[in-house]
Every structure is written in structure tokens, then in C-alpha cells.
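# Structural overview for review
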Amino acid sequence: MKLPFAVIAHVSPARSPKQTPVLVLLGAFLAAVVPAALPASAQTIQVSKENRTIAVTATDKVIALADTATVHVGFIDYGPDSAAAYATGSKISNSIMNALSGAGIPKDAIESENQNVSPVQPYQVEKLDAAERARRQFQVTQSWTVRVPAADAAKTLDIAVKAGADQSGQIDWSFKDENAPQAEAAAKALKRARDQAEQMAQSLNAKLGALLYASNEVQATPVRPLMRAMAAAPMAEQKVEPLAINPRQIEKNATVYAVFAIE
């Protein structure tokens, strides 16, 4: 059965099939207009009355619980001179690293972010008394990222803070396999596109044919807000439970552009 037209449709999760805009283009007008409306990567698909197709753009998503946590830990301390600040920093630095390693965290899961010894600017200590200003002439800072299973995020942060990491708290949530949820979202979007194309073909008294072309557009995951600077209180003589921290749910989106033949 020959159909002297092609159909282009755009679908998203927020729209029902009845709300999907459908553009039916006939004859020479189709050949002139459609190439300008298609994505650049899809312009090799010749849509005309000789090449009967339905083109659909569909978006879908997957929401899954993160299985990996990257915990940011660090500290800041002071000294009356550079050497004293460095010596104090060395003790805290090794205390934190030993605590994390002693908890069974592999060394290759602990990565340095930055480390610095520098003079303290006068405006930073102008409200302190003379003795405290004298003690804070230099500062030493250091930070790491610690990649652990999501279930161990709270314990990891707790260990680091109790070892002296008083500039800690940010956690980046992710997947061990980032491709798996993205592929699942793309598969759902392609199924949505096929279902919509099937409905459109039926409305035209035609049969949906083979998939001729498909492309996937990955949408970026929003940046998560920071949470830093958790002051570590003296904990040597008291038992403090880890913070109550739950993994975040992460949304992965995929937009698929698909072209199907119609018979």
C-alpha cells in the first residue's frame, strides 16, 4: 500500500498520546520543509512520498538509588610559623589517613584533592585576642576524596571527622556503572517512540515497518549542592554515632530520535 506522505512527531513523558503534536506534510511541501526541521545528524534520512516514514522524538528517564559515594574530607589548622603549622598538619594528616586505612578502605580509593601551607591574612584574625592571633600566623589545609560503597558513606565520614577532618561533609553520589542506567533510560525512550509510531501508523491504516535510524541525546545530571565545613568536636571521651546519611536517588534522562518505515 503506497502512502504519499510522511509523519513527524515529538513525544515526552509529560504528554499523553492524545497531546502529541503531529505534523502531516504532503507532496513537494514535505520535501522542502522537513530537512530543515530534522536534527543535523538525521538529515541523511530522505523523507518524501517515495520514502514513507514516521519520525518520532521521545524522552524517558530512570530513577535509581546511587550505589557509590565519593566522600570529601579535609582539615584546617594553624601555627605561629610555617614549620609549626606544617608539623601540626602532618600529625592530623597521618591520623586521618591511618584511620581510613585502618577501617579497611583501599589506598587506591583515597585520592588527594589539595594541600597547602600559607600565611594567614590579617583580616582573618583581626577579631581574635593577641595570643590567638600569634598562634594563627600560618595555616595548613589538606583534603581528600574517598570513594566507597554508598552504604559506607556515613561510616567513612564519621571515621575521618573523629580523626581530625574538621572540613568535611560533601558527598557526591554516583553509580559504579554509569552506563547501565543511561542505557536503560535510552531503551525506555526508544520503546516509547516505537509505541507512539505504532499508534500513528494505525491511525493512517498502515503498518509500522523497520526502524531505519535512531540517535540518543544524553541529558546532564544536575550538580548536587555542597555541604562542607563540619567542625570536629573533641570526641576522645564520648561515643558519638555516625550521622544519619542515606544515598540519593539519581535521575538519568535520555532523548531518542527514531525514524520508522511504514508499509
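Everything that follows concerns the structure shown earlier in this document.
All of the points below concern the structure found in this document.

Along the chain, the regular secondary structure elements total six helices and nine strands. Taking all 263 residues of the chain together, the buried fraction comes to 39%. For the chain, contacts bridging at least 24 residues in sequence account for 83% of all contacts bridging at least 6.

Bringing helix α6 (residues 179-203) into the picture now. With 25 residues, α6 extends 36 Å between its outermost C-alpha atoms, agreeing within 8% with the 36 Å of an ideal straight helix rising 1.5 Å per residue. The positive-phi residue at the C-terminal boundary of α6 is Asn205, with phi of around 55 degrees.

Time to look at the sheet that holds strand β6 (residues 138-149). Within a sheet, adjacent strands bond to each other through the backbone by hydrogen bonds, running parallel or antiparallel. One open sheet accounts for four strands, arranged β5-β6-β4-β7; its pairing is antiparallel. Both outer strands of the open sheet, β5 (110-119) and β7 (171-174), are each paired with one neighbouring strand and no more. Taking each pair of neighbouring strands and ignoring which way they run, the sheet shows an average axis angle of 15 degrees. Note: strand β4 (residues 68-79) against β7, four bridges, orientation antiparallel. Following the sheet pairing, Thr68 is matched in β7 by Ser174. This element, helix α2 (residues 82-102), spans β4, β5 and β6 of the sheet and lies at about 155 degrees to β4.

To continue, consider the pattern of salt bridges. Going through the model one piece at a time under the given rule, you end up with eight salt bridges. With its nearest N and O atoms 3.9 Å apart, the salt bridge here joins Lys188 to Asp60. Pair noted here: Lys188 is in helix α6 and Asp60 is in strand β3 (residues 53-65), with a separation of 128 residues, a long-range link. Residue classification places Lys188 among the partly exposed positions, given a relative accessible area of 36%. Among the salt bridges present, the one from Arg192 reaches Asp60, with a minimum N-O distance of 3.2 Å. Of this pair, Arg192 sits in helix α6 while Asp60 sits in strand β3, and the two are 132 residues apart along the sequence. Its relative accessible area of 26% is what places Arg192 among the partly exposed residues. The buried category is assigned to Asp60, whose relative accessible area is 10%. Overlapping salt bridges bring together Asp60, Lys188 and Arg192 as one network.

Here the focus is the packing of α2 against helix α5 (residues 153-162). Two elements in contact, α2 and α5, have axes separated by 8 Å at closest approach and are oriented at 145 degrees. The handedness of the crossing between α2 and α5 is right-handed. Each of Ile96, Ala99 and Leu100 in α2 lies in contact with α5, whose residues at this interface are Thr156, Ile159 and Ala160. Split into classes, the residues belonging to the contact of α2 with α5 amount to five nonpolar, one polar and no charged.

Glancing now at the side chain of Gln182. Checked against the element boundaries, Gln182 lands in helix α6. For Gln182, a relative accessible area of 11% puts it in the buried group. Here Gln182 is in contact with Val218, Lys252, Asn253 and Ala254, once residues within four sequence places are set aside.

The subject of this paragraph is the nonpolar core. Most often, soluble globular proteins have nonpolar side chains that are buried together. Residues Val71, Val73, Ile96, Leu100 and Trp173 are the most contacted members of the largest nonpolar core, which totals 28 residues. Take this core: its biggest share by element is five residues, from α5. In terms of nonpolar packing, the next biggest core, distinct from the first, is built from 13 residues, Val56, Ala58, Ala197 and Leu208 among them.

A word on unusual backbone geometry. In this model, Asn205 sits at a positive phi of 55 degrees, which is unusual for a non-glycine residue. Counting through the fold element by element, Asn205 comes out in the loop between α6 and β8 (208-219).

The next thing to look at is α2. Its 21 residues give α2 an end-to-end C-alpha distance of 30 Å, which sits within 8% of 30 Å, the value for a rise of 1.5 Å per residue. What α2 keeps buried is the set Ala85, Gly89, Ile92, Ser93, Ile96 and Leu100. Here the buried residues of α2 occupy an arc of 105 degrees about the axis, which is enough to place them on one side. Summarising the geometry of α2, the exposed residues directed more than 90 degrees from the buried face are Ala83, Lys91, Asn98 and Gly102. Close packing links the buried residues of α2 with β4, β5, β6 and α5. Capping the start of α2, Asp81 holds a side-chain oxygen 3.2 Å from the backbone nitrogen of Ala83, two or three residues further along. Once α2 finishes, Gly104 follows within two positions and takes phi at roughly 90 degrees, a positive value.

Cut-offs applied
Residues numbered from 1 in each chain as written. Predicted model: local features only at pLDDT ≥ 70, side-chain atom pairs only at ≥ 80, totals over all residues. Heavy atoms only, no water. Helix = DSSP H or I, 4+ residues; strand = E, 2+ residues; numbered from the N terminus. Buried < 20%, exposed > 50% of the residue type's maximum accessible area, 1.4 Å probe, protein only. Contact = heavy atoms within 4.5 Å. Expected span 1.5 Å × (residues − 1). Pairing = 2+ DSSP bridges. Axes fitted to C-alpha atoms, helices over the stretch in contact; angles between N-to-C directions. Salt bridge = Lys/Arg side-chain N within 4 Å of Asp/Glu carboxyl O. Left-handed = near helix turned anticlockwise from the far one by under 90°. Nonpolar A, V, L, I, M, F, W, Y, C, P; charged D, E, K, R; others polar. Core = buried A, V, L, I, M, F, W, Y, C linked by side-chain atoms within 4.5 Å. Arc of directions from axis to C-beta. Polar contact = N/O pair within 3.5 Å; in protein donor to acceptor, adjacent residues only side chain to side chain.

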